[in-house]
Amino acid sequence: MEKLFRIATDQFTLDWNQVGKRPPAVLPNAATVTGHFKVSSLDRNNRLSENCWKSLPSQLETNFEVEAGPALFEQMEYQLYLRGKNCTVDIQHRDPLIRRRLAQQENETVLHGAINFQGQIGRSRFTVLVNGHPAAEFEVEVFPTKIDYQTDYAEIVADIQRILTSLAYEYLRSTYQFGKSSKSEKPTRLEWLILLRQIVDDLEKSIRQIANQPKRQLVREPRTSRIENIRHIDSSIRSQVRRGLGHGRMVQTTVGPIREQLTERPPKSTLNTLEHRWLKRQLTEIQRTVAQVIVEQKKLEPSSREQTVQSELVQIERRLARMLTTEPLRAADGEVPQGFASLQLISAPGYREAYQLCLLLKTGLRLEGDALRLNVKDLNVLYEYWTFLAMLRIIREELGSPRDLSQFFKIQQNGISVRLANGHEQTVSFASSGDRKITLSYNRQFQDQETTLIPQKPDILISFSEKNWPRIQLVCDAKYRIDATPEYRRQYNSFGPPSDAINVLHRYRDAILEYDNRADRTEQPKRTIIQAAALFPFTETVAGEYRDSRLWKSIDKLGIGAIPALPSNLGYLTEWLTGAIRAGGWSLSDRVIPHTAEQTAINWRVAASQPVLVGVLSSQNAEQRLAWIKQNRIYYHRLPKNGRHRHFDVKQVALFSPKTLNPNGIAHVADVSGIEIKQRSEIPTPWPASGPHDRLFLVYQLDEISVLTPALTNTGDQSTSFRGDRWTTQLGLNRAQTANEIILETEPEWKLYESLKASNIEFTLSAGAIRTLNDTNPEGRAWFLFSDGIQVRFDGANGFLCKSKGKTKFIDHTQIPDLLRSLAKDV
């Protein structure tokens, strides 16, 4: 445990220590930085003693006039121990979460426990209570360990403020940054409340000063008086006398006849002034807004922070109510002209301050300056927002979209919290060349029950939509976490995000599935994520060194990796993102890592469309014919009269050896390099022709003839005996284990064959008539024969043809499992 500082007075002693060793710092100077540290006594009888010290060089160790002290860091555990000297003690902090792990003991004379600022950066103020009263106050400063405080952190906050200032703020946090008010067309309610909390003390003070020394106004209100009671004769009185106006009978006086009663307007002092009306209207609107916020806050889930916020707002609302009960504002009644201002409101003591403070509430905030204390969002949230903005700027610079991006952002206000809206609401689209569109989404949620078992919500999703291509997507997760241990560096050749963050990317790639056609959901959903990267805060000490890390290289090789991203280090993110933008659909598809089974299935489907001629060697001179074929590299086959195209599409020729050769079966194969049509007389062979010399034959030019290992031996099944040339496909030839299995030429036939074998259902195969191979609608010629008389054959688009007891019907592939269950039941 490392001791950091001690505060000692006549009434208490407070020790602050660091628990354990600090995690390896990514920044080289993080361990030597000095933070802000200030201690002040709030009680004249409770001064600092000589036992105070702080972990600094010897010349500053006991100098508390210099506001410097040991720096505290994010995500670090600190131990606080406070002991009172014959008195109760406690620690007060505006954020209740910072002291949730503190406990009192020994009749409340001891307070101890752990404090962790998590991802909050800035200054934090604590108050020591002695016997329930504030006795001393101290302030510490919390620094980041993964980014530079003065450059990267400031840039991150500045970038977020360019879009919307309040995105960077929270109403209540453990730390604060200094800021100032700023002109804003439409400040958010969060900014308004932050300013109100900062100025409410001064506002109450100014209203109190107005109440003590109010500025009254003389007004003349008409009233009817008897002439003997009128003391001030003005032009209005004289006018009534001349014109004989007034009330009552005429009375003779020295100046002539006058009515008994006249209307006079004597001056009267009043507090119902326009200035007081203006202030009352402002305070009433402020009080009403605070009351609305309190109602909204009560709808949120209760938490210690929410309760503290509600308590603060209730206190502010009560203070505003008390201000409205002061005599000047209570007497104010009536409307105020639009845009009213007066010299008294602008310059008179008390009025001037209240007027300026009310106008201040109509401004926004900026995280610069030193007039206001502003609570900033946790650094991991700020980093997530910033990475989204950084990627937006990279795409904008690449595609030349409008410079003002603020119009694209949608803000979600929940009570007094301001967040970027999630999902489809927060999607920015960019038009690329042609009909290509690139969209960037923040916190897009995938929760379709047909495609997602567990909802997935990556931080950032980049989608590419292009004609003739399905949607292709990249995923980024912002991770403000770094594993800087020596073991991690040895494994990946760099610092980087923790292994669990990399595992999340694998989950996204496998778990996010979508349909090619959203309207047609008959097919299986497919993966759309081709690459996923974790964005983490890291700056190279040597330029280009990160290229040698496994985390960078694995993005192209495995589709999963990590990319450093900071305001001072955007090169790798820019390279990766612009590389994807400049790549077409085909190039992006090349980055997909296929499943081995899927790739094999594709190869089998291609093989199913490639015809193979199985040449059967005559048993009389099989050895001679095989030697001649090997020497001349040709094989000839009689040209069919109907000219079926299968003969002209042959890709391979396989040779079946009879029993006179060893082995008995298909033992040789060669690719076809060319096809010619010749008369029999043009094909010189050691053996004589068995028919007319002018008969036409197809002559297949062969590449090197290879030996099949193992050979496809003939099992002797009479239904597949080899008496003449046979047909199959490359699928049948490659998948078959015996010669009689080559009649299985198509994918559906092999699927059924494998299912029957897996279900241990007995059957035999029988070769049907040779059919024309239709590339768009291939049909099978293998009959599956079962002991109960059922016969099944694949009939292309019609499905499977089933014959049983003289009846015929077709079933599609979805009914095959039912067929297998019925066959297994019979067995």
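Above: the structure in question.
### Side note on a nonpolar patch on the surface
On the surface, Phe648, Ile675, Ile677 and Leu696 cluster together into a nonpolar patch covering about 320 Å² of accessible area. Within the element layout of this structure, Ile675 appears in strand β35 (residues 665-679). Accessibility expressed as a relative area gives 32% for Ile675, which makes it partly exposed.

### Description of the packing of aromatic side chains
Within the structure shown, the criterion is met by 33 aromatic pairs. Geometrically, the ring pair formed by Trp278 and Tyr355 is tilted, given 5.1 Å between the ring centres and 45° between the ring planes. Highlighted residues: Trp278 in helix α4 (residues 274-298) and Tyr355 in helix α8 (residues 351-360), separated in sequence by 77 residues. Chaining the aromatic ring pairs together yields one cluster made of Phe5, Trp16, Phe37, Phe64, Tyr78, Phe117, Phe126 and Phe138. The ring of Phe64 has Lys54 lying over it, and the distance from NZ or CZ to the ring centre is 4.9 Å. Just above the ring of Phe495 sits the side chain of Arg489; from NZ or CZ to the centre is 4.8 Å.

### Re the pattern of salt bridges
Opposite charge on two side chains allows them to pair when their charged atoms are near. Following the criterion strictly, the structure yields 33 salt bridges and no others. Residue Asp90 is joined to Arg99 by a salt bridge in which the shortest nitrogen-to-oxygen separation is 2.6 Å. For Asp90, a relative accessible area of 21% corresponds to the partly exposed category. Using a relative accessible area of 24% as the deciding quantity, one classes Arg99 as partly exposed. Arg793 is the partner of Asp795 in a salt bridge, and the nearest nitrogen-oxygen pair spans 2.7 Å.

### So, the pairing of strand β33 (residues 634-638)
Across the five residues of β33, four count as buried, placing the element largely inside the fold. Note: β33 against strand β36 (residues 696-702), five bridges, orientation antiparallel. The partner of Tyr635 across the bridge, within β36, is Tyr700.

### Some details on unusual backbone geometry
Most peptide bonds take the trans form, and the phi angle of most residues other than glycine is negative. Residue Asn662 is joined to Pro663 through a cis peptide bond whose omega torsion reads 5°. Along the polypeptide, Pro663 turns up in the loop between β34 (652-657) and β35. A cis geometry characterises the amide bond from Thr709 onward to Pro710, with omega recorded as -5°. As for its position among the elements, Pro710 is in strand β37 (residues 706-713). Here Asn86, not a glycine, exhibits a phi torsion of approximately 60°, which is positive.

### Examining helix α16 (residues 622-632)
Three or four residues apart is the spacing at which side chains of an α-helix point the same way, because the helix has 3.6 residues per turn. The complete set of buried residues in α16 reads Ala622, Leu626, Trp628 and Ile629. Looking straight down α16, one finds its buried side chains confined to an arc of 165°; they lie on one side. In α16, the exposed positions angled more than 90 degrees off the buried face are occupied by Glu623 and Gln631. Contacts made by the buried residues of α16 are with β33, β34, β35 and β36.

### Re the packing of α4 against α8
For the pair α4 and α8, the least separation of the axes is 11 Å and the interaxial angle reads 35°. The interaxial crossing formed by α4 with α8 has left-handed handedness. Mapping the contact onto sequence places Glu275, His276, Trp278, Leu279 and Gln282 in α4 and Tyr351, Ala354, Tyr355 and Cys358 in α8. Residue classes in the contact of α4 with α8 are distributed as six nonpolar, two polar and one charged.

### Topic: the nonpolar core
Counting 149 residues, the largest nonpolar core has Leu14, Trp16 and Phe138 as the members making the most contacts within it. The leading source of residues in this core is helix α9 (residues 379-399), at twelve residues. Once you skip the residues sitting within four places of it in the chain, Phe138 turns out to touch Phe5, Ile7, Leu14, Trp16, Lys38, Val39, Ile91, Ser124, Arg125, Phe126 and Val128. Residues Leu617, Trp628, Val650 and Val672 belong to the second largest nonpolar core, which totals 25 residues.

Cut-offs and rules
Residues numbered from 1 in each chain as written. Predicted model: local features only at pLDDT ≥ 70, side-chain atom pairs only at ≥ 80, totals over all residues. Heavy atoms only, no water. Patch = residues over 30% accessible without salt bridge, like charges linked within 9 Å, V, L, I, M, F, W, Y side chains within 5 Å. Areas by Shrake-Rupley, 256 points an atom, 1.4 Å probe, with all protein chains shown as cover. Salt bridge = Lys/Arg side-chain N within 4 Å of Asp/Glu carboxyl O. Helix = DSSP H or I, 4+ residues; strand = E, 2+ residues; numbered from the N terminus. Buried < 20%, exposed > 50% of the residue type's maximum accessible area, 1.4 Å probe, protein only. Phe/Tyr/Trp six-rings, centres within 6.5 Å; stacked < 30°, edge-to-face > 60°. Lys NZ or Arg CZ within 6 Å of the ring centre and 35° of its normal. Pairing = 2+ DSSP bridges. Arc of directions from axis to C-beta. Contact = heavy atoms within 4.5 Å. Axes fitted to C-alpha atoms, helices over the stretch in contact; angles between N-to-C directions. Left-handed = near helix turned anticlockwise from the far one by under 90°. Nonpolar A, V, L, I, M, F, W, Y, C, P; charged D, E, K, R; others polar. Core = buried A, V, L, I, M, F, W, Y, C linked by side-chain atoms within 4.5 Å.

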